[in-house]
Amino acid sequence: MVSGDLFRKVAMATAADNFDHIVQTEKMAGHQLVTHGVYGISRHPSYMGWFYWSIGSQILLCNPICVVGYAYASWTFFNERIEEEECYLLRFFGDQYLEYKKNVGIGIPFIKGYQISPEFLQFRREVNGEID
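Residues numbered from 1 in each chain as written. Predicted model: local features only at pLDDT ≥ 70, side-chain atom pairs only at ≥ 80, totals over all residues. Heavy atoms only, no water.

Q: Just to check I follow, could you spell out the packing of helix 1 (residues 2-15) against helix 2 (residues 45-60) for this structure?
A: Axes are the key here: two packed helices are described by the angle between their axes and the distance separating the axes. The interhelical angle for the contact between helix 1 and helix 2, taken along N-to-C directions, is 160°, at an axis separation of 7 Å. When the axes of helix 1 and helix 2 are compared, the pair comes out roughly antiparallel. Between helix 1 and helix 2 the crossing geometry is left-handed. On helix 2, the residues touching G4, D5, F7, R8, A11 and M12 of helix 1 are P45, S46, Y47, M48, G49, W50 and W53. Class assignment for the residues of the contact of helix 1 with helix 2 results in eight nonpolar, three polar and two charged. (Axes fitted to C-alpha atoms, helices over the stretch in contact; angles between N-to-C directions. Helix = DSSP H or I, 4+ residues; strand = E, 2+ residues; numbered from the N terminus. Parallel < 35°, antiparallel > 145°, perpendicular 65-115°, else oblique. Left-handed = near helix turned anticlockwise from the far one by under 90°. Contact = heavy atoms within 4.5 Å. Nonpolar A, V, L, I, M, F, W, Y, C, P; charged D, E, K, R; others polar.)

If you want it as structure tokens, here you go:
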């Protein structure tokens, strides 16, 4: 529980001005893709920290029904939010985010984030002249 909360706080401090509690739909001037520190462990360390904190708090309280409920509610929320946020991150940072996404996981079980079809990736390679 404590480690989840700490991970979340470190994520917010690491991202500094690039962190916001609201998913950004427009890239602000100076907005940078943060990939160092805890962002080298998880693409969404603040969400990961919150997820484990919420479950850990209910384990600490010996509340098995809420462990299941919190796990389900948190997982559902972050699954949807991460997919939405990654759509914008791909628009803002393009290939830089694709590479980051390929190399760094999310850290919440079974959440994959925004899925890009192989056909789209193939199309991008062809348009960019990366295929003969």
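Q: What exactly am I supposed to notice about the packing of aromatic side chains here?
A: Two descriptors summarise a pair of aromatic rings, namely the distance from one centre to the other and the angle between the planes of the rings. Per the counting criterion, the structure on display carries seven aromatic pairs. Judged by centre distance (6.3 Å) and plane angle (35°), the rings of Y88 and F92 are tilted. Within this pair, Y88 and its partner F92 are both found in helix 3 (residues 64-93), separated by four residues, close to a single helical turn. Residue classification places F92 among the buried positions, given a relative accessible area of 12%. Aromatic side chains Y97 and Y100 sit 5.7 Å apart centroid to centroid with 65° between the ring planes, which places their arrangement in the edge-to-face category. You can see Y97 and its partner Y100 sitting in helix 4 (residues 95-103), three residues apart, about one turn around the helix. An identical accessibility class is assigned to Y97 and Y100; each is buried. A network of ring pairs unites the aromatic residues Y47, F77 and F78 as a single cluster. (Phe/Tyr/Trp six-rings, centres within 6.5 Å; stacked < 30°, edge-to-face > 60°. Buried < 20%, exposed > 50% of the residue type's maximum accessible area, 1.4 Å probe, protein only.)

Q: Where do I start with unusual backbone geometry in this structure?
A: Its identity as a non-glycine residue notwithstanding, A16 has a phi of 50°, on the positive side. Here A16 lies in the loop between helix 1 and helix 2. For A16, a relative accessible area of 45% puts it in the partly exposed group.

Q: It is not clear to me how the layout of surface pockets should be interpreted in this structure. Could you clarify?
A: Roughly 330 Å³ of volume is contained in the largest pocket. What lines the largest pocket is simply D95, L98, E99, K101, K102, I116, L121, R124, R125, N128 and E130. Secondary structure elements with two or more residues in the lining of the largest pocket: helix 4 and helix 5 (118-127). Within the lining of the largest pocket, the residues separate by chemical class into three nonpolar, one polar and seven charged. (1 Å grid on protein atoms, 1.4 Å probe; cavity = no way out; pocket = protein on both sides within 12 Å on 5 of 7 lines; lining within 4 Å. Points joined across faces, edges and corners; volume = space filled by probe spheres on them.)

Q: Would you mind going over the nonpolar core with me for this structure?
A: Side chains of nonpolar character tend, in soluble globular proteins, to be buried together. Within the largest apolar cluster, 26 residues are counted, with the highest numbers of intra-cluster contacts made by Y39, F78, I82, Y97 and I108. Residue assignment for this core shows that the elements contributing at least two residues are helix 1, helix 2, helix 3 and helix 4. In terms of residue count, the dominant contributor to this core is helix 3 (seven residues). What I82 contacts, discounting residues up to four positions off in sequence, is H44, Y47, I106, I108, I111 and G113. (Core = buried A, V, L, I, M, F, W, Y, C linked by side-chain atoms within 4.5 Å.)

Q: Help me understand the state of the cysteines in this model?
A: Working definition: the covalent bond between the sulfur atoms of two cysteines is a disulfide. In the structure shown here, the tally under the stated rule is zero disulfides. Here C66 stays unpaired: no disulfide links it, and the sulfur of C62, its closest cysteine neighbor, is 12 Å away. (Disulfide = S-S within 2.5 Å.)

Functional significance is not addressed by these values, which are geometric in nature.
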